[in-house]
Amino acid sequence: MSYRVINGKLYSNVDFTEYSAEGLKSKNVKANEDKNIFSKILDKQIKNEESFTISSHAAQRLNSRNIDFNDDDLKKINEGINMANKKGVKQSLIMYKDMALITSIKNRTVITALDKNESQGKIITNIDSVVMI
């Protein structure tokens, strides 16, 4: 068995195997993989905060009432979802213009949509917040 002296201390060569050329290469490969994984997770989180889904049921209700959201509308609804998400909300009623949007914050999905006239006299259950934008 061989030894090395570093800063006046005696170390076994076995302790330095991870610092060999092969050991350093494998560490660099693992570090690069970790960076790639982190980048993928970060990109996914950024994209997640910039988008949401409108369920087919909500889309049908919006289409039947000839309601089209423009980019500004979608951006504001997304901001409402982000605000609710930061507060730890699970299901929310988002009030936007003359619309009531029942939204799953966790899944970032608009479940259904009601217009102002349709929502009067109705009881909405299974929500834990209301976001007004």
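To be clear, the structure that these remarks concern was listed above.
The residue numbers shown here count from 1 along each chain, following its written sequence. Totals for whole chains, interfaces and linings use every residue, but because this is a predicted model, local features are given only for residues with pLDDT of at least 70 and side-chain atom pairs only at 80 or more, for both listing and counting. Only hydrogens and water are set aside when side-chain values are computed; all heavy atoms of the structure are taken into account.

(A) Summary view of the sheet that holds strand 3 (residues 53-54). Reading across the sheet, the five strands line up as 3-6-5-4-7 and stay open at both edges, with mixed pairing between neighbours. At either margin of the open sheet sits one strand with a lone partner, and together these are strand 3 and strand 7 (129-132). Think of it this way: DSSP has to see at least two bridges between two strands before they count as a pair. Runs of H or I in DSSP of at least four residues are treated as helices and runs of E of at least two as strands, each being numbered from the N terminus. Here six bridges tie strand 5 (residues 99-104) to strand 6 (residues 109-115), and the two strands are oriented antiparallel to one another. Bridge pairing in strand 6 links Leu-101 to Ala-113.

(B) Representation of the side chain of Ser-104 in the model. Within the fold, Ser-104 resides in strand 5. Burial here depends on accessible area, computed with a 1.4 Å probe over protein chains only, as a share of the maximum for the residue type. Under 20% is buried, over 50% is exposed, and the range in between is partly exposed. Owing to a relative accessible area of 5%, Ser-104 belongs among the buried residues under this scheme. The contact criterion used throughout is that any non-hydrogen atoms of two residues lie within 4.5 Å. When near neighbours in sequence (up to four residues on either side) are disregarded, Ser-104 contacts Lys-90, Gln-91, Thr-109 and Ile-111.

By themselves, these are just geometric observations and shouldn't be taken as functional.
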